Amino acid sequence: MKKIIVCTILAINTLHLSAQSFEISPKLSFGTGRIHSKNLVESFNQRNAIKSDIVTWDVKQKFGFTFSIGGCFQYNINEKIAAITELSFNSLGQKTTIDYFENDLDGNGDGDKKTITSSAKIKTTWFCLPLMTQYGFGENNSFRISGGLEFLFIGTPKIESDETKTTEEYVSNVLVDTKAEVARISTTLNEFKSPRTNFLIG
């Protein structure tokens, strides 16, 4: 299961145009977020259940920088009810690090031990289209509640990973050779369902 978690820390409304029944407010925001994958963590547990060669492992899915630009469009149906949408283009960049140690020595002390360190940069973009209805109540509609559906059209995330693998070879528990390999991998993550739908209320 993969989720995009976003927290907006700065939003700027650059312009506000209003007519009797229609309002437009362009929006620019910056914040932090991350792609969180439970499958990545569970894959290590599942592998160890089959072959317990991974002695230690650590996965860190770090928060990254988000950027959003778009606009809010509001149509006032009457004094209390309005239809609202906030079409926006969003981007997210983050880092994920994976460190683990494999012990493939047999009962005679023959085999190898591997230490793998991987650092990946993940970049993704998506369009967000919420369709909501807003209801105002109280004196001069000072209180408002909104609800509706949000549609997310998610692009294919791009991944660039740098991996360092150090292999130590043993014979009868005696170290006989050590070698290090460095690799750079560029790929895509084709595991996001698009479009995705969420229910919003607030």
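A brief report on the enclosed structure follows.

Conventions and cut-offs
- Residues numbered from 1 in each chain as written.
- Predicted model: local features only at pLDDT ≥ 70, side-chain atom pairs only at ≥ 80, totals over all residues.
- Heavy atoms only, no water.
- Helix = DSSP H or I, 4+ residues; strand = E, 2+ residues; numbered from the N terminus.
- Buried < 20%, exposed > 50% of the residue type's maximum accessible area, 1.4 Å probe, protein only.
- Contact = heavy atoms within 4.5 Å.
- Areas by Shrake-Rupley, 256 points an atom, 1.4 Å probe, with all protein chains shown as cover.
- Salt bridge = Lys/Arg side-chain N within 4 Å of Asp/Glu carboxyl O.
- Patch = residues over 30% accessible without salt bridge, like charges linked within 9 Å, V, L, I, M, F, W, Y side chains within 5 Å.
- Core = buried A, V, L, I, M, F, W, Y, C linked by side-chain atoms within 4.5 Å.

**What to know about the overall build of the protein chain**
Secondary structure summary: the protein chain contains one helix and eleven strands in total. Ordering the α and β elements of the protein chain from the N terminus gives β-β-β-α-β-β-β-β-β-β-β-β. Out of the 202 residues in the protein chain, the part that is buried amounts to 29%. Of the contacts formed within the protein chain by residues at least 6 apart in sequence, a portion of 67% connects residues at least 24 apart. As displayed, the protein chain has an accessible area near 12,700 Å², and 56% of this comes from carbon and sulfur atoms.

**Here's the deal with the pattern of salt bridges**
A full pass over the atoms with the stated rule returns five salt bridges. Among the ionic pairs, Lys 27 bridges to Glu 86, the shortest N-O distance being 3.7 Å. Here Lys 27 is found in strand 3 (residues 22–37), whereas its partner Glu 86 is found in strand 6 (residues 81–103), with 59 residues between them in sequence. Overall, Glu 86 belongs to the partly exposed group, its relative accessible area being 29%. Here Asp 112 ties to Lys 114 by a salt bridge, and the two come within 3.0 Å at their closest N and O atoms. Lys 114 carries the same exposure label as Asp 112, and that label is buried. One connected set of salt bridges, linked through shared partners, spans Asp 104, Asp 112 and Lys 114.

**Looking at unusual backbone geometry**
Backbone geometry places Ser 172, a non-glycine residue, at a positive phi of 55°. Position of Ser 172 among the secondary structure elements: in the loop between strand 9 (158–171) and strand 10 (174–188). On the basis of relative accessible area, Ser 172 is assigned to the partly exposed category, the value being 49%. In the Ramachandran plot, Asn 173 falls in the positive-phi region, its phi being about 65° despite a non-glycine side chain. Within the secondary structure layout, Asn 173 lies in the loop between strand 9 and strand 10.

**What about a nonpolar patch on the surface?**
Where nonpolar side chains cluster on the molecular surface, the patch consists of Phe 22, Ile 69, Phe 73, Tyr 75, Ile 77, Leu 87, Phe 89, Phe 127 and Phe 153 and spans about 810 Å² of accessible area. Looking at the nonpolar patch, the elements with two or more residues in it are strand 5 (64–76) and strand 6. Element by element, the count of residues in the nonpolar patch is highest for strand 5, at three residues. By the secondary structure assignment, Ile 77 is in the loop between strand 5 and strand 6.

**Looking at the nonpolar core**
Nonpolar side chains in soluble globular proteins tend to end up buried together. Listed in full, the ten residues of the largest apolar core are Ile 35, Leu 92, Ala 120, Ile 122, Trp 126, Cys 128, Leu 152, Ile 154, Ile 159 and Leu 189. Among the secondary structure elements, those contributing two or more residues to this core are strand 7 (111–137) and strand 8 (143–154). The element that contributes the greatest number of residues to this core is strand 7, accounting for four residues. By size, the runner-up hydrophobic cluster in this structure holds five residues, among which are Ile 54, Val 59, Ile 98 and Ile 116.

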